[in-house]
Amino acid sequence: MIGFAPSNNYIDGYNYREYIELSLSEQLLCGNTYHFEGYFNLANLCRYSLKGFEFYFTEKELDNENNYLYNLYSPQVIDTTTPVLDTLNWVKISFDFIADKPYRFISIGNIKSNSSTNYLDFNPLAVGQQYYSYYYLDVVSLTQVKESQIEIPNVFTPNKDGINDVFQPIGEVAYFENLLIFNRWGNEVANLSYPFQWKGETMNGEKLFEGVYFYLLNANESCKQEQKQGLIHLIR
């Protein structure tokens with residue numbers, strides 16, 4: 001169990017922050033789904049309760065000498081559905097997360113400034129020095145619940161009949177960088193970004209002839225080990 005103050009004082013604008021940074025036992029795999037669980041408890045005599053714990057996954061450690069990380073980062077997960085007001089019992093916060101990079105750390109806290117932070121003033125009788133939110137955290141776990149599963153069709157018919165008109169990988173593909181399409185002579189005819197929908201046209205919008213094309217689906221820079229390739233039949 002460990003205690004921390006994700007926000008210090010909501011009144012005077014002093015943006016002091018404390019974060020919990022945890023090193024993961026294994027590097028996350030791109031495209032896999034992970035389930036987070038953590039148990040939180042609000043300390044006695046606190047006037048305010050934070051409305052929205054933030055969870056920031058990183059590949060490297062954050063600057064542990066900087067107590068002012070607010071507004072510097074964009075957390076991947078913000079839990080706004082679980083208010084932690086209980087000072088006696090543990091409150092579970094849980095969510096599923098799809099890794100888009102090979103993360104090694106998770107930081108928990110509040111990355112917003114005081115002016116941007118949502119909070120609940122539920123104990124107005126608290127004395128002045130208790131004008132903050134202080135929490136205890138215990139029993140944190142992050143487990144893989146689903147491996148990345150991507151299906152890539154091998155034929156599509158872009159004839160605008162509303163059926164199979166678009167070639168598109170199916171599954172957790174947000175971490176991929178681009179989808180390249182080549183003709184039979186090896187010339188690149190399309191370069192697509194997420195959500196990777198190819199309508200059988202060139203990058204200039206010109207319709208391509210029926211035939212066999214080659215696709216190459218590249219992951220982002222952090223996940224270069226991930227690459228999908230194969231053949232796609234275009235039939236009009």
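Criteria and thresholds
Residues numbered from 1 in each chain as written. Predicted model: local features only at pLDDT ≥ 70, side-chain atom pairs only at ≥ 80, totals over all residues. Heavy atoms only, no water. 1 Å grid on protein atoms, 1.4 Å probe; cavity = no way out; pocket = protein on both sides within 12 Å on 5 of 7 lines; lining within 4 Å. Points joined across faces, edges and corners; volume = space filled by probe spheres on them. Helix = DSSP H or I, 4+ residues; strand = E, 2+ residues; numbered from the N terminus. Nonpolar A, V, L, I, M, F, W, Y, C, P; charged D, E, K, R; others polar. Patch = residues over 30% accessible without salt bridge, like charges linked within 9 Å, V, L, I, M, F, W, Y side chains within 5 Å. Areas by Shrake-Rupley, 256 points an atom, 1.4 Å probe, with all protein chains shown as cover. Salt bridge = Lys/Arg side-chain N within 4 Å of Asp/Glu carboxyl O. Lys, Arg positive; Asp, Glu negative; His and termini not counted. Charge placed at Lys NZ, Arg CZ, Asp CG, Glu CD. Pairing = 2+ DSSP bridges. Axes fitted to C-alpha atoms, helices over the stretch in contact; angles between N-to-C directions.

### Some points on the layout of surface pockets
Thinking step 1. Size it by volume and the largest pocket reaches roughly 260 Å³.
Thinking step 2. Among the elements of the structure, β2 (20-23) and β10 (133-146) are those that each provide at least two residues to the lining of the largest pocket.
Thinking step 3. Here the lining of the largest pocket gets five residues from one element, more than from any other, and that element is β10.
Thinking step 4. Of the residues contributing to the lining of the largest pocket, the split by class is eight nonpolar, six polar and one charged.

### Some remarks on a positive patch on the surface
Thinking step 1. A contiguous patch of positive charge on the surface is contributed by K160, K199, K207 and R236.
Thinking step 2. For K199, the position within the fold is in the loop between β15 (188-192) and β16 (211-219).

### Some words on the sheet that holds β10
Hydrogen bonds along the backbone pair up the strands of a sheet, which may run parallel or antiparallel.
Thinking step 1. Across the sheet, four strands lie side by side as β1-β10-β3-β7; this open sheet has antiparallel pairing. The sheet terminates laterally at β1 (2-7) and β7 (91-98), the two strands that pair on one side only. Direction aside, neighbouring strands of the sheet carry axes that sit 40° apart on average.
Thinking step 2. As defined by bridge partners, strand β3 (residues 33-42) adjoins β10 across nine bridges and the pair is classed as antiparallel. Its bridge partner being in β10, N41 is matched across the sheet by Y136.

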